[in-house]
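Secondary and tertiary structure notes
The chain contents come next:
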Amino acid sequence: MWPCVHRSSLGSTPALSGTQAAWAWIPNTHLGTAGFDSATFEGTAGFDSATFEGTAGFDLATFEGTAGFDSATFEHDATFGSATFKGGARFQSATFKGGAWFVWATFENGAGFTSATFKEAARFDATRFKGGAWFVLASFEDGACFGSSTFKGFTMFDNAAFKGDARFERATFNGEAQFLSSTFEGVAGFGSATFKAETWFVAATFMEDAGFDLVTFEGDATFDLATFVETHQFGPLACTGRLGLSGASFGGPVTLAVAARSLECRRTRWSSTAEIRLRYATVDFAHAVFEYPLTIAAEPDPFVLPLGQLAEDVFPRAYDSGVRMVSLRGVDAAHLVLADLDLWDCLFSGTVHLDQLRLEGACTFRTAPRDVHWRHWPPVRFTQRRVLAEEHHWRARQPGAMEGWVLGTGRAGPLHLAPVYRALRKTFEDGKHEPGAADFYYGEMEMRRHADDIPRSERGLLTAYWALSGYGLRASRALAWLGTAMLVTIVLLMAFGLAQDTPKQTATGTVPAGGGKVTFEIDKSDPKNSTVDRFTSKRFERALNVTLNSVVFRASGQDLTTAGTYIEMTSRVTEPILLGLAALAIRNRVKR
């Protein structure tokens, strides 16, 4: 005998008229108005393929065993308000032609609504799904409300169709939640919802606004391949794991406000203007496509809405709220603006129109190692400058690489990095940031000097340019060489160039025998090098005078030996060049 249903009041149930207890197994049955409010079904309640031609009332009903409504048809309203399903609840392929009311219902085991159809509003407000909840291929034609509901088990809305508004405000998903390939034709409202495990919206379609304001994802949230047709605002939301938007597309102007540990936007397509405001995030923007201006900016303060402030207590206090960009490979940067981002680990090689990139605010880059290295004599010390992460990766891969260069995933070499530095140099120049432009000019020259495609003669010139003045950017280096050259000139002049005494003029003449005009020949003896102490203070003063005049192309007027003359000529060529390089370096570092 099948288990029976015990009822406190049968109400109007034409199919069971006149009975105090009815069998709970009534598949393929046509029922009129079914009043099972407050009923208790002790065993399996089988209503598979049943047709409820009137109102079906199961408010406050208790299903001790499995509740089977597979392929059931509810011609009018079906109310399960505050009902308790202690066993499994099966509504696969059920059709609700009227309203479906599950407000405050409790599903203590699995709830299956696979392929169910809701012709009118489906209300699951404050419903508790303690087991799994399956709404795969479910169709909500008028709207669905799951506000303040709790999903403790695995939740699936894969391929579900929400043709009206879908309301999940303040819902809590304790288990994993899937909305794979779901379609939201109305507003998708998830405001203030909490997802405590991994969440998937892969390939979902949002035709109108996707309301994820003040949402908290405590695990990964994946929106890869999702389509946002007319979403104007996405967030602010918090995600303690990875927020994936790779392959997603945004059809209209949109503002994203996200606090996340990781944001992946690989191959994301933006068909209109967009602004992305971030906190805490590490951003991967590789191969993203955008046709209009797009801004990626770090938000200095927590996100605030009229309804409240986004809770950031899910992030440990030790976390830095700054934003780090890790890749712009394959991006057309003609319309891209970066503001206040950490670009220490950003990979730029392969970026198109990088010279048109705009950097606003305090965008920071990695720097060269600071320490002095003593691998060989003389010790090596790298010039302090802004350096691309890819140069770090390249130098760290070289045999005998110095400590301080960071090994990474970048595989670009000098041949590829030289144009990257050149493009970023123009970006800084357009932004009137000359010191930054100077650093990237230095990087460009370094990559040219190490590239494999330049001839040895050019490499030699670049090496000399680098050694003498740091490509015209290191005034201290040029001044050091100038001082060295002047010191050498002084020593050489004191040793070989200055005459011992000032040569005196002598006059010799002849008187003709018959008288008449006397002829004199005036001559001056050649200066002679000193044969006594050559390194005296007086000779130093004279040598210094000659050297200082040589720096500015002036003749000293001193009597010099033949060797001294050549020493002076050499100094009048080399020392003014070094002085000019020092002046050029100072100008490049201080001009604005």
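Residues numbered from 1 in each chain as written. Predicted model: local features only at pLDDT ≥ 70, side-chain atom pairs only at ≥ 80, totals over all residues. Heavy atoms only, no water.

**Here's the deal with the overall build of the protein**
Looking only at helices and strands, one finds seven helices and 58 strands in the protein. For the protein, buried positions account for 51% of its 592 residues. Considering only intrachain contacts with a sequence separation of at least 6, the fraction spanning at least 24 residues in the protein is 29%. Total accessible area on the protein stands at roughly 26,900 Å², and carbon and sulfur atoms take up 53% of it. (Helix = DSSP H or I, 4+ residues; strand = E, 2+ residues; numbered from the N terminus. Buried < 20%, exposed > 50% of the residue type's maximum accessible area, 1.4 Å probe, protein only. Contact = heavy atoms within 4.5 Å. Areas by Shrake-Rupley, 256 points an atom, 1.4 Å probe, with all protein chains shown as cover.)

**Describing the confidence of the model for the protein**
Atom-level detail of predicted coordinates should not be read off regions where pLDDT is low. The pLDDT averaged across the protein works out to 85; a share of 85% of its residues lies at or above 70. Contacts of residues 1–23 to residues separated by more than four positions or lying in other chains number 42 contacts, the stretch itself having pLDDT below 50. (pLDDT = per-residue confidence, 0-100.)

**So, the packing of aromatic side chains**
Aromatic ring pairs are described here by two measures, namely the spacing of the ring centres and the angle between the planes. In this structure the tally under the stated criterion is 101 aromatic pairs. Relative to F80, the ring of F69 lies with its centre 5.5 Å away and its plane at 90 degrees, an arrangement referred to as edge-to-face. Taken together, the residues span a long stretch of sequence, with F69 in the loop between β10 (67–68) and β11 (73–74) and F80 in the loop between β12 (78–79) and β13 (84–85) at a distance of eleven residues. With respect to burial, F69 and F80 carry one shared label: buried. Ring plane angle 75 degrees and centroid distance 6.1 Å describe the contact between F162 and F168, whose orientation is recorded as edge-to-face. Residue classification places F168 among the buried residues on the basis of a relative accessible area of 0%. Between R449 and the ring centre of W466, over which it is positioned, the NZ or CZ distance is 4.3 Å. (Phe/Tyr/Trp six-rings, centres within 6.5 Å; stacked < 30°, edge-to-face > 60°. Lys NZ or Arg CZ within 6 Å of the ring centre and 35° of its normal.)

**Regarding the packing of helix α5 (residues 475–497) against helix α6 (residues 537–551)**
Interaxial distance between α5 and α6 falls to 9 Å at its minimum, and their mutual angle equals 135 degrees. Classified by the angle their axes make, α5 and α6 are oblique. In this structure, α5 crosses over α6, and the sense of that crossing is right-handed. Of the residues in α6, those touching α5 at M486, T489, I490, L493 and M494 are R539, F540, A543, L544, V546, T547, L548 and V551. Here the contact of α5 with α6 is built from residues that sort into ten nonpolar, two polar and one charged. (Axes fitted to C-alpha atoms, helices over the stretch in contact; angles between N-to-C directions. Parallel < 35°, antiparallel > 145°, perpendicular 65-115°, else oblique. Left-handed = near helix turned anticlockwise from the far one by under 90°. Nonpolar A, V, L, I, M, F, W, Y, C, P; charged D, E, K, R; others polar.)

**Brief notes about the nonpolar core**
With 126 residues, the main nonpolar core has F223, W270 and F285 as its most contacted residues. Breaking this core down by element, the ones donating at least two residues are β37 (215–217), β40 (233–244), β42 (254–264), β44 (274–279), β47 (294–298), β51 (336–339), α2 (414–430) and α3 (434–450). In terms of residue count, α2 provides more of this core than any other element does, seven residues in total. Dropping the residues within four chain positions of it, F285 is found in contact with C265, W270, I276, F290, L294, I296, M325, S327, L328 and V331. (Core = buried A, V, L, I, M, F, W, Y, C linked by side-chain atoms within 4.5 Å.)

**Overview of the pattern of salt bridges**
For side chains of opposite charge, pairing can occur when their charged atoms come near one another. In the structure shown here, the tally under the stated rule is 27 salt bridges. Across the pair R90 and D48 runs a salt bridge, and its minimum N-O distance is 3.2 Å. Of this pair, R90 sits in strand β14 (residues 89–90) while D48 sits in the loop between β6 (45–46) and β7 (51–52), and the two are 42 residues apart along the sequence. When its relative accessible area of 17% is taken as the criterion, D48 is described as buried. One salt bridge in this structure joins R425 and E429, with 3.1 Å as the shortest N-O distance. You can see R425 and its partner E429 sitting in helix α2, four residues apart, about one turn around the helix. Among the residues examined, E429 registers a relative accessible area of 29% and is labelled partly exposed. Taken together, the shared-partner salt bridges connect R385, E391, R395, E446 and R449 into one network. (Salt bridge = Lys/Arg side-chain N within 4 Å of Asp/Glu carboxyl O.)

**Remarks on α3**
Owing to its 3.6 residues per turn, the α-helix brings residues three or four apart onto one side. With 17 residues, α3 should reach 24 Å at 1.5 Å per residue; the first-to-last C-alpha distance of 24 Å fits that figure. The buried count for α3 comes to 14 of 17 residues, which makes it a mostly enclosed element. (Expected span 1.5 Å × (residues − 1).)

**Structural notes on the side chain of R385**
By the element assignment, R385 lies in the loop between β55 (380–381) and β56 (386–387). A distance of 2.7 Å separates polar atoms of two side chains, one belonging to R385 and the other to E391. Setting aside residues no more than four positions away along its own chain, R385 makes contact with R366, T367, A368, E391, R395, Y421, D439, Y442, G443, E446 and R474. (Polar contact = N/O pair within 3.5 Å; in protein donor to acceptor, adjacent residues only side chain to side chain.)

**Digging into a nonpolar patch on the surface**
Among the surface-exposed residues, V488, L492 and F496 lie close enough to one another that they form a single nonpolar patch of about 250 Å² accessible area. With respect to the secondary-structure elements, V488 resides in helix α5. (Patch = residues over 30% accessible without salt bridge, like charges linked within 9 Å, V, L, I, M, F, W, Y side chains within 5 Å.)

**Thoughts on the pairing of β44**
Side chains on a regular strand alternate between the two faces of the sheet. When β42 meets β44, the two strands line up parallel, connected through six bridges. Of the residues in β44, the one forming a bridge with A259 is R279. The sheet contact formed by β44 and β47 spans five bridges and is parallel. When the bridges of β47 are listed, L278 appears paired with A298. (Pairing = 2+ DSSP bridges.)

**With respect to the sheet that holds strand β8 (residues 56–57)**
Sheet strands pair via backbone hydrogen bonds, and the direction of the pair is either parallel or antiparallel. Taking strand neighbours across the sheet as the criterion, the nine strands line up as β4-β8-β12-β16-β20-β24-β28-β32-β36 in an open arrangement whose pairing is parallel. In this open sheet, the two edge strands, each paired with only one partner strand, are β4 (34–35) and β36 (210–211). Bridge count for strand β20 (residues 122–123) against strand β24 (residues 143–145) is two bridges, and the pairing is parallel. Directly across from A122, in β24, lies its bridge partner A144.

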